[in-house]
Amino acid sequence: MREAYPKHPRNIPIKIINRAIEDGLLSSIATTAEVALSEKVADYLLRLGYSSAHITGIIVQLLTKGKVRVDFREYTERLELINVGDRLTSGQAMSLLEDFLAEMTTPEDSNQKTSSSTQKIVVQLPKIPRGH
């Protein structure tokens with residue numbers, strides 16, 4: 001069941017803190033940026049793909065809890081809502097994301113996503129230090 005939400009993703013500011021991972025350890029140097037949630041979702045769509053369940057998990061966690069940490073192989077991102085009042089219920093967060101994804105999908109994307117298309121899924125095991 002769809003739930004109403006108060007703001008469009010372009011009107012929800014978030015803070016992003018990036019830290020590199022070097023030799024399995026977080027760097028002490030962090031970069032910080034403030035962007036609209038819509039920009040970050042669009043970035044994840046390009047990197048993770050339109051059908052990625054990871055995007056849903058990341059964005060719903062961010063919108064319901066106010067913050068989330070996302071670890072990639074070479075860096076980690078901490079996303080935080082700038083305004084605590086932008087937090088939503090799970091239903092509102094899912095509705096917001098579904099509507100935004102539908103808005104981002106073009107007719108060309110829909111034609112490419114047929115039931116016969118193959119989704120590429122990459123599973124990587126953690127790196128094991130040498131000598132173990």
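Report follows, based on the coordinates.

With that out of the way, let us pick up the packing of aromatic side chains. Think of a pair of aromatic rings as described by two things: how far the centres are apart, and how the planes are tilted against each other in angle. For the structure on display, the rule yields two aromatic pairs. Ring centres of tyrosine 44 and phenylalanine 72 lie 6.4 Å apart, and the angle between their planes is 40°; this geometry places the pair in the tilted category. One end of the pair, tyrosine 44, is in helix α1 (residues 37-48); the other, phenylalanine 72, is in the loop between β3 (67-71) and β4 (75-81), with 28 residues separating them in the sequence. By relative accessible area, tyrosine 44 is classed as buried at 0%. Judged by centre distance (4.9 Å) and plane angle (25°), the ring pair of phenylalanine 72 and tyrosine 75 falls under stacked.

For the pair α1 and helix α3 (residues 90-104), the least separation of the axes is 11 Å and the interaxial angle reads 65°. In terms of orientation, α1 lies roughly perpendicular with respect to α3. Remark: the crossing between α1 and α3 carries right-handed chirality. In contact with Leu37, Ser38, Val41, Ala42 and Leu45 of α1, α3 contributes Leu96, Leu97, Phe100, Leu101 and Met104.

Scanning all chains against the criterion turns up nine salt bridges. Residue aspartate 43 pairs with lysine 40 through a salt bridge whose shortest N-O separation is 2.9 Å. You can see aspartate 43 and its partner lysine 40 sitting in helix α1, three residues apart, about one turn around the helix. Relative accessible area serves as the criterion here: at 6%, lysine 40 is assigned to the buried category. Here the salt bridges share partners, and the residues they tie into one network are Lys40, Asp43, Arg47 and Glu77.

Here the focus is the packing of α1 against helix α2 (residues 53-65). The geometry of α1 relative to α2 is characterised by a closest axis approach of 10 Å and an angle of 160° between their N-to-C directions. As far as their axial angle goes, α2 and α1 are roughly antiparallel. α1 and α2 meet at a crossing whose hand is right-handed. Mapping the contact onto sequence places Leu37, Val41, Tyr44, Leu45 and Leu48 in α1 and His54, Ile55, Ile58, Ile59, Leu62 and Leu63 in α2. For the contact of α1 with α2, the class distribution of residues is 10 nonpolar, one polar and no charged.

Reading the values: the criteria
- Residues numbered from 1 in each chain as written.
- Predicted model: local features only at pLDDT ≥ 70, side-chain atom pairs only at ≥ 80, totals over all residues.
- Heavy atoms only, no water.
- Phe/Tyr/Trp six-rings, centres within 6.5 Å; stacked < 30°, edge-to-face > 60°.
- Helix = DSSP H or I, 4+ residues; strand = E, 2+ residues; numbered from the N terminus.
- Buried < 20%, exposed > 50% of the residue type's maximum accessible area, 1.4 Å probe, protein only.
- Axes fitted to C-alpha atoms, helices over the stretch in contact; angles between N-to-C directions.
- Parallel < 35°, antiparallel > 145°, perpendicular 65-115°, else oblique.
- Left-handed = near helix turned anticlockwise from the far one by under 90°.
- Contact = heavy atoms within 4.5 Å.
- Salt bridge = Lys/Arg side-chain N within 4 Å of Asp/Glu carboxyl O.
- Nonpolar A, V, L, I, M, F, W, Y, C, P; charged D, E, K, R; others polar.

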